[in-house]
Amino acid sequence: MPQGNWPKDTFLYRLREPLRTRILQLGVRRTYPPGHVLLRQGAPGESVWVLMDALVKISAHTQNGSEALLAIRVSGDVVGEMGALDGSPRSATVTTCGRAVVFQVRGAVFIDFIRRHPEAALTLNQMAIERLRWANQRRLDFTGYGTDVCLARVLIDLARRHGTRKDDGLDIGVSLTQTELGGMVGAKEVTVQKALRGLSGLGLVQPGHRRVLITDMRGLLSFADLDQRDVSPKPY
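The structure presented is a predicted model; accordingly, all values stated were derived computationally and were not measured.

Undergrad: I keep staring at the side chain of Ser47 and nothing clicks. Help me out?
TA: Structurally, Ser47 is set in strand 3 (residues 47-53). Side chain to side chain, Ser47 and Gln104 meet in a polar contact 3.0 Å long. Residue contacts for Ser47: discarding those within four places in its chain leaves Gly80, Arg90, Gln104, Val105, Arg106 and Gly107.

This is how it looks when you write it as structure tokens:
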């Protein structure tokens, strides 16, 4: 991805030059294959990773051994900053979804960078607040709605952030198994399968192998108790 052409609201998108160039200069460029674990839950937080051209999944295991998919991060995002900032073990595992080009920045170097550049620190704080709000909204969804509505809301949010237009609808833009979707809505795979069948039967989505196509966004918004303003006109 050309420098400066980052998805909206990512760390690199928000940074002005020359800070964007500077943070990349501080790191070591690395390329990894699909399925590579950048960060592992419980490991020491020694590095921060700036995603140059990558799509990664953030997941965590609970005490009973089940796995939850917590978030998706894309090119321009930063991961691993929490462990670097507070010195705590990794709270989640970060895995590449495809070929990934990243910059590995040592934790101490990253901390020095944000100390020297308050604008970068403010950007990081703003992103942390937005991620907290997203997590809080998911908790509210789980409390107030059934699995099918929670799933519809997650699909809409993924499409808004990562979706790509297709001839027959809007692809959510992220390759996820039904188990991983279940991790995002706190449901088992069989429950997600049932919810997807229901949404498909209503003509709202078209499930496929590791993909979901939204075929009726207006209808899905209505089903999810949302309105058109909750989706950006041109999802990236």
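Undergrad: How should I be thinking about the pairing of strand 7 (residues 93-96) in this particular structure?
TA: One face of the sheet, then the other: side chains in a regular strand alternate in exactly this way. Across the two faces of strand 7 the burial is the same, with Thr93 and Thr95 and Val94 and Thr96 all buried. Of the strand pairs in this sheet, strand 4 (residues 55-61) and strand 7 are connected by four bridges, and their pairing is antiparallel. Paired with Ile58 across the two strands is Val94, which belongs to strand 7.

Undergrad: Please explain the pattern of salt bridges as it appears in this structure.
TA: Oppositely charged side chains can pair when the atoms bearing their charge come close. Summed over the entire model, instances satisfying the criterion amount to nine salt bridges. With its nearest N and O atoms 2.6 Å apart, the salt bridge here joins Arg14 to Glu130. Here the residue Arg14 occupies a position in helix 1 (residues 11-14), and Glu130 occupies one in helix 5 (residues 118-144), the gap between them amounting to 116 residues. Several salt bridges converge on common partners, so that one network encompasses Asp77, Glu81 and Arg131.

Undergrad: Sorry, what's going on with the sheet that holds strand 1 (residues 28-32) here?
TA: The pairing of strands in a sheet comes from backbone hydrogen bonds and takes either a parallel or an antiparallel form. Reading across the sheet, the four strands line up as 1-8-3-6 and stay open at both edges, with antiparallel pairing between neighbours. Looking at strand neighbours, the two that pair on one side only are strand 1 and strand 6 (78-79), the edges of this open sheet. As defined by bridge partners, strand 1 adjoins strand 8 (residues 100-106) across five bridges and the pair is classed as antiparallel. Each bridged residue has a counterpart across the sheet, and for Arg30 the counterpart in strand 8 is Val102. Sheet strands touched by helix 4 (residues 107-116): strand 3, strand 6 and strand 8. Its angle to strand 8, the strand with the most contacts, is close to 80 degrees.

Undergrad: Quick question: what am I supposed to make of the packing of aromatic side chains here?
TA: For any pair of aromatic rings, the description consists of the separation of the ring centres together with the inter-plane angle of the planes. Counted by the stated rule, this structure contains one aromatic pair. Between Tyr32 and Trp49, the aromatic rings sit 6.1 Å apart at their centres with planes inclined by 65 degrees, giving edge-to-face as the arrangement. Of this pair, Tyr32 sits in strand 1 while Trp49 is found in strand 3, placing the two residues 17 residues apart along the sequence. Pair check on accessibility: Tyr32 and Trp49 agree, each one buried.

Undergrad: I would appreciate a short explanation of the packing of helix 6 (residues 147-162) against helix 8 (residues 189-201) in the present structure.
TA: Any two packed helices are characterised by the angle at which their axes cross and by the distance between the axes. At a minimum axis distance of 9 Å, the contact between helix 6 and helix 8 shows a crossing angle of 75 degrees. Taken together, the axes of helix 6 and helix 8 lie roughly perpendicular to each other. In contact with Thr147, Asp148, Leu151 and Leu155 of helix 6, helix 8 contributes Thr191, Val192, Ala195, Leu196 and Leu199. Here the residues of the contact of helix 6 with helix 8 are counted per class, giving six nonpolar, two polar and one charged.

The rules we used
- Residues numbered from 1 in each chain as written.
- Predicted model: local features only at pLDDT ≥ 70, side-chain atom pairs only at ≥ 80, totals over all residues.
- Heavy atoms only, no water.
- Helix = DSSP H or I, 4+ residues; strand = E, 2+ residues; numbered from the N terminus.
- Polar contact = N/O pair within 3.5 Å; in protein donor to acceptor, adjacent residues only side chain to side chain.
- Contact = heavy atoms within 4.5 Å.
- Buried < 20%, exposed > 50% of the residue type's maximum accessible area, 1.4 Å probe, protein only.
- Pairing = 2+ DSSP bridges.
- Salt bridge = Lys/Arg side-chain N within 4 Å of Asp/Glu carboxyl O.
- Axes fitted to C-alpha atoms, helices over the stretch in contact; angles between N-to-C directions.
- Phe/Tyr/Trp six-rings, centres within 6.5 Å; stacked < 30°, edge-to-face > 60°.
- Parallel < 35°, antiparallel > 145°, perpendicular 65-115°, else oblique.
- Nonpolar A, V, L, I, M, F, W, Y, C, P; charged D, E, K, R; others polar.

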